[in-house]
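Understanding the architecture of this molecule
Listed below, chain by chain, are the residues.
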Amino acid sequence: MLDGATGTELERRGLACTLPLWSTQALLEAPNLLEHVHSDYARAGVDCLTAATFRTQRHVLRRAGLGGRASELTGRALSLARAAAREGREIWVAGSSPPLEDCYRPDLTPDDSTLEREHAHHCEALAEGGAELILVETMGTVREARAATAAAVATGLPVVTSFIGDERGSRLLSGEPLEAAVEAVSPFSPVALAVNCIPTSRVEVCWRALEASGSPFGIYPNLGMPGATPQQAYSEECTPGAFAERALRWVEAGASIVGGCCGTRPDHLRAVCHALRKR
């Protein structure tokens, strides 16, 4: 069991998470609030908390004039997640390693040299900060998935590589087949493959490509793509109970890892944990 959304949950609790910093804003302005979000997921029963390192890459922080603080902020994010993980049982702390540019704009993906250099810097910071797992996530191009996975595996930590698909579900946002992405990262032997930040309605198409890889696979969807306004965002209404029912179907289909992405809350993950225990 992975946790659920961090950035959107911070926003629900009153912190504006604007780009380019997104959830990194909490590391600067509201670390206690961020730790409370992590703690709520831990109390919900998840097995893994994802540190708020989604936007602590040097490449991103340079745009906010904070490039020199990348390692510091990455370490701070991991420390806050680790503090929340002390709930009397074993909870893993994962470091997030996302795309260097906008997750929904694969056309902005940097050149290969930049990808290799910047992902290596970020993954080294994750390892030095105490991550127990690296979650290479929301990968929308084959090139970046390959570079990010290679950098993560080079740390010696276990790695899960997760992709984001388009409206068809069978292709990355770049238009490249999901099968091609799986083939590109397989030589690096990530411990599992996954899809994330896609609406629950598109999950079934994606899991077939992951299942065919022969690797353990995971699913952590969002509650709809972001809209033009906060009222339009996450338009796929899904109660915690309904989300849990869908998660059970993913597990029955072979998923080894389940969780939530944008729009999901601790209540959604609590319902999934309860449903899995009951099952």
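Each remark here, short or long, concerns the structure printed above.
Notes on the structure in this doc start here. Given the structure is predicted, the values throughout are model-derived calculations rather than measurements.

1. Quick word on the nonpolar core
If you look at the biggest cluster of nonpolar residues, it comprises 90 residues, and the most contacted ones within it are Leu-49, Phe-163, Ile-219 and Trp-250. For this core, the element with the most residues is helix α5 (residues 70-84), which contributes seven residues. Among residues more than four places away in sequence, those in contact with Phe-163 are Met-139, Ala-145, Leu-172, Leu-178, Ala-181, Val-182, Val-185, Leu-193, Ala-194, Val-195 and Asn-196.

2. Concerning helix α11 (residues 266-278)
An ideal rise of 1.5 Å per residue puts 18 Å on 13 residues; α11 measures up with 18 Å between its terminal C-alpha atoms. Of the positions making up α11, those classed as buried are Pro-266, His-268, Leu-269, Ala-271, Val-272, Cys-273 and Ala-275. Its buried side turned inward, α11 meets α1 (7-12), α3 (31-44), α10 (240-252) and β7 (257-258).

3. A short note on the sheet that holds strand β5 (residues 192-199)
Sheet strands pair by backbone hydrogen bonding; their relative direction is either parallel or antiparallel. A sheet is described by the order of its strands in space; here seven strands give the open sequence β1-β2-β3-β4-β5-β6-β7, paired in parallel fashion. Either end of the sheet is taken by a strand with one partner, and the two such strands are β1 (48-50) and β7. Here β1 runs beside strand β2 (residues 92-97); their pairing, made up of three bridges, is parallel. Following the sheet pairing, Leu-49 is matched in β2 by Val-93.

Analysis parameters
- Residues numbered from 1 in each chain as written.
- Predicted model: local features only at pLDDT ≥ 70, side-chain atom pairs only at ≥ 80, totals over all residues.
- Heavy atoms only, no water.
- Core = buried A, V, L, I, M, F, W, Y, C linked by side-chain atoms within 4.5 Å.
- Buried < 20%, exposed > 50% of the residue type's maximum accessible area, 1.4 Å probe, protein only.
- Helix = DSSP H or I, 4+ residues; strand = E, 2+ residues; numbered from the N terminus.
- Contact = heavy atoms within 4.5 Å.
- Expected span 1.5 Å × (residues − 1).
- Pairing = 2+ DSSP bridges.

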